[in-house]
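Residues per chain are reported as follows:
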Amino acid sequence: GEKKVAEPITDYAYSDEGIKLKIYVKLPGVGGLDDEAVAVSFTATSFDVTVAGYEGTDRRLAFKTLFAPISKVIVKKKPDKIIVTLVKEEEKDWPCIAQGTASS
């Protein structure tokens, strides 16, 4: 079959918590999906989270150039949201998630 292009997730909130940065993505009902539906890949300076089959489409949250290096990405699925936790290589404030983007 043809490869579906994932719909980018543009609606999220985040909180900077020292060594971790948490990104909250509202996806009502996402808790009903299998754990396998949520795929994550990352490098030291990028990450990509895909939620497969959410309301008939795939949703994707990806940042290509993070503000600073990370060592780990953890995704937790809640009933109505996913929480993406970036574990920073060093504890410092991030004024934004990605380089070259204005922090809102």
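So, here is what we can say about the structure in this document. As the structure is a computational prediction, the values presented were derived from the model and not from experiment.

Basis of the calculations
- Residues numbered from 1 in each chain as written.
- Predicted model: local features only at pLDDT ≥ 70, side-chain atom pairs only at ≥ 80, totals over all residues.
- Heavy atoms only, no water.
- Helix = DSSP H or I, 4+ residues; strand = E, 2+ residues; numbered from the N terminus.
- Rg over C-alpha atoms; globule rule 2.2 N^0.38 Å.
- Contact = heavy atoms within 4.5 Å.
- Areas by Shrake-Rupley, 256 points an atom, 1.4 Å probe, with all protein chains shown as cover.
- Lys, Arg positive; Asp, Glu negative; His and termini not counted.
- Charge placed at Lys NZ, Arg CZ, Asp CG, Glu CD.
- Salt bridge = Lys/Arg side-chain N within 4 Å of Asp/Glu carboxyl O.
- Buried < 20%, exposed > 50% of the residue type's maximum accessible area, 1.4 Å probe, protein only.
- Pairing = 2+ DSSP bridges.
- Phe/Tyr/Trp six-rings, centres within 6.5 Å; stacked < 30°, edge-to-face > 60°.

### What to know about the overall build of the protein
Piece 1. Looking only at helices and strands, the protein has zero helices and eight strands in total.
Piece 2. Each helix (α) and strand (β) of the protein, taken in turn from the N terminus, gives the series β-β-β-β-β-β-β-β.
Piece 3. For 104 residues, the compact-globule estimate of 2.2 N^0.38 gives 13 Å, and the protein sits close to it at 14 Å.
Piece 4. Over its C-alpha atoms, taken along the principal directions, the protein stretches across nearly 40 × 30 × 25 Å.
Piece 5. The long-range fraction of contacts in the protein, counting pairs at least 24 apart against all pairs at least 6 apart in sequence, stands at 59%.
Piece 6. Carbon together with sulfur atoms contributes 49% to the accessible area of the protein, which is approximately 6400 Å² in total.
Piece 7. Taken as two groups, the 15 positive and 16 negative side-chain charges of the protein have centres that lie 2 Å from each other.

### Digging into the pattern of salt bridges
When the charged atoms of two side chains lie near each other, side chains of opposite charge can form a pair.
Piece 1. Inspection of the entire model under this criterion finds five salt bridges.
Piece 2. A salt bridge links Lys 88 to Asp 16; its shortest N-O distance comes to 2.5 Å. Remark: Asp 16 occurs in strand β2 (residues 13-17) and Lys 88 occurs in strand β8 (residues 81-88); sequence separation between them is 72 residues.
Piece 3. Its relative accessible area of 2% is what places Lys 88 among the buried residues.

### Side note on the pairing of strand β4 (residues 38-42)
Piece 1. For β4 and strand β5 (residues 47-54), the ladder comprises five bridges, and the chain directions are antiparallel. In the strand pairing of β5, Val 40 is matched with Val 49.
Piece 2. In this antiparallel pair of consecutive strands, β4 and β5, the connection spans four residues.

### Describing the packing of aromatic side chains
The geometry of an aromatic ring pair is captured by the separation of the ring centres together with the interplanar angle, meaning the angle of the planes.
Piece 1. For the structure on display, the rule yields three aromatic pairs.
Piece 2. Considering the side-chain rings of Tyr 12 and Phe 63, the 5.9 Å spacing of their centres and the 85° angle between planes classify their relative orientation as edge-to-face. With Tyr 12 in the loop between β1 (7-8) and β2 and Phe 63 in strand β6 (residues 57-63), this pair connects stretches of sequence that are 51 residues apart.
Piece 3. On the basis of relative accessibility, which here comes to 31%, the residue Tyr 12 falls in the partly exposed class.
Piece 4. Their ring planes at 55° and their centres at 6.0 Å tell us that Phe 67 and Trp 94 sit as a pair that is tilted. Of the two residues, Phe 67 sits in the loop between β6 and β7 (70-77) while Trp 94 sits in the segment after β8, which places them 27 residues apart along the sequence.

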